[in-house]
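Structural description and commentary
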Amino acid sequence: MNLIFEKRGLVDHKQRHKSLRLLISKVNKERKKQAKKIDILCNDLIAAQRDFIKRLNTISFTASFYESIIGTTDLSTLFYTAGKLIKDEIPDANIAFFLRQAESFELHLFESDQPITLEQQRLENCFTPELVDNICKSNKICTLEDMFAMGLQGNLTRLNKISAVTVPLGQFGSSLGFILIYRSSQNKLTAAELNHISAIAPGLSQAIQSCQVLSNSAD
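Scope of this entry: the structure provided in the associated data block.

**Some thoughts on the side chain of Ser-175**
Take Ser-175: it is sitting in strand β5 (residues 174-184). Here the side chain of Ser-175 touches Cys-136 through a polar contact of 3.5 Å, landing on its backbone oxygen. When sequence neighbours within four positions are dropped, the list of residues in contact with Ser-175 reads Arg-100, Cys-136, Leu-169 and Gly-170.

In structure tokens:
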């Protein structure tokens with residue numbers, strides 16, 4: 001009889017030990033699942049915080065930009081101020097403003113006090129009235145590849161060493177022109193930089209129109 005009880009006790013002990021191991025395994029699995037969910041949540045929070053900071057930076061730049069150009073009535077002064085602010089935001093970049101005309105275009109350059117490399121200095125001279133018109137009609141940010149597709153021609157060896165985009169200037173679907181921004185491809189233009197310029201484009205477009213209206217009235 002004692003032997004039977006001993007065997008039963010041994011079986012019960014093994015069963016409890018097995019149940020305990022299963023319970024511990026289940027708890028560990030649940031703990032890993034929770035840890036994974038927490039990691040995902042933390043990563044999402046970090047990403048959301050980064051996006052929020054980027055938006056704040058864009059808002060800050062936009063507010064500062066508008067504050068600097070408000071009240072400007074002369075087109076040359078407007079482009080000089082805008083070019084300087086954009087260059088301060090995008091280091092080592094070259095800035096040119098193209099305004100659409102009936103059969104041609106106006107080109108306004110921001111003159112930098114820094115030397116421009118041979119590969120960079122002639123990009124705006126590659127623009128023809130047809131290319132300017134095509135870029136204006138696209139009414140979107142255009143990369144160098146887009147410009148080639150629209151008719152850009154030039155020394156391919158030199159142009160391949162440039163990171164360049166155009167940012168549209170327009171009001172209510174009507175294109176006034178665009179901003180050309182370029183620098184060495186070794187320091188490629190970033191999405192954050194382009195977001196900042198895109199954010200100020202509507203206000204700059206309105207300021208350009210106001211200057212044009214005042215200029216026509218004076219004439």
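Now that the structure has been shown, the text picks up again.
**Section: unusual backbone geometry**
Residues other than glycine seldom take positive phi values, yet Asp-92 does so here, at roughly 70°. Inspection of the secondary structure puts Asp-92 in the loop between α2 (75-89) and β1 (94-100). One non-glycine residue, Asn-139, adopts positive backbone phi at about 50°. Turning to its location among the elements, Asn-139 is positioned in the loop between α3 (129-138) and β3 (142-143).

**Let's talk about the layout of surface pockets**
The calculated volume of the largest pocket comes to roughly 200 Å³. Contributions of two or more residues to the lining of the largest pocket are made by α4 (144-149) and β4 (162-171). By residue class, the composition of the lining of the largest pocket is 7 nonpolar, 4 polar and 2 charged.

**Side note on the nonpolar core**
Of all hydrophobic cores here, the largest spans 30 residues; its most connected members are Phe-65, Ile-86, Ile-179, Ile-181, Ile-197, Leu-204 and Ile-208. For this core, the secondary-structure elements that each account for two or more residues are α1 (2-69), α2, β1, β4, β5 and α6 (191-218). The element that contributes the greatest number of residues to this core is α6, accounting for 8 residues. Apart from the residues lying within four places of it in its own chain, the contact partners of Ile-208 are Leu-75, Leu-78, Phe-79, Leu-99, Leu-169 and Leu-176. Counting 21 residues, the second-largest nonpolar core is a separate cluster that includes Cys-126, Cys-142, Ile-162 and Leu-180.

**Digging into a nonpolar patch on the surface**
Nonpolar side chains collect at one region of the surface, where Phe-52, Ile-53, Leu-56 and Ile-59 lie side by side and expose about 380 Å² of accessible area between them. Among the structural elements, Ile-53 can be located in helix α1. A relative accessible area of 42% places Ile-53 in the partly exposed class.

Here is what the cut-offs are and how they apply
- Residues numbered from 1 in each chain as written.
- Predicted model: local features only at pLDDT ≥ 70, side-chain atom pairs only at ≥ 80, totals over all residues.
- Heavy atoms only, no water.
- Helix = DSSP H or I, 4+ residues; strand = E, 2+ residues; numbered from the N terminus.
- Polar contact = N/O pair within 3.5 Å; in protein donor to acceptor, adjacent residues only side chain to side chain.
- Contact = heavy atoms within 4.5 Å.
- 1 Å grid on protein atoms, 1.4 Å probe; cavity = no way out; pocket = protein on both sides within 12 Å on 5 of 7 lines; lining within 4 Å.
- Points joined across faces, edges and corners; volume = space filled by probe spheres on them.
- Nonpolar A, V, L, I, M, F, W, Y, C, P; charged D, E, K, R; others polar.
- Core = buried A, V, L, I, M, F, W, Y, C linked by side-chain atoms within 4.5 Å.
- Buried < 20%, exposed > 50% of the residue type's maximum accessible area, 1.4 Å probe, protein only.
- Patch = residues over 30% accessible without salt bridge, like charges linked within 9 Å, V, L, I, M, F, W, Y side chains within 5 Å.
- Areas by Shrake-Rupley, 256 points an atom, 1.4 Å probe, with all protein chains shown as cover.
- Salt bridge = Lys/Arg side-chain N within 4 Å of Asp/Glu carboxyl O.

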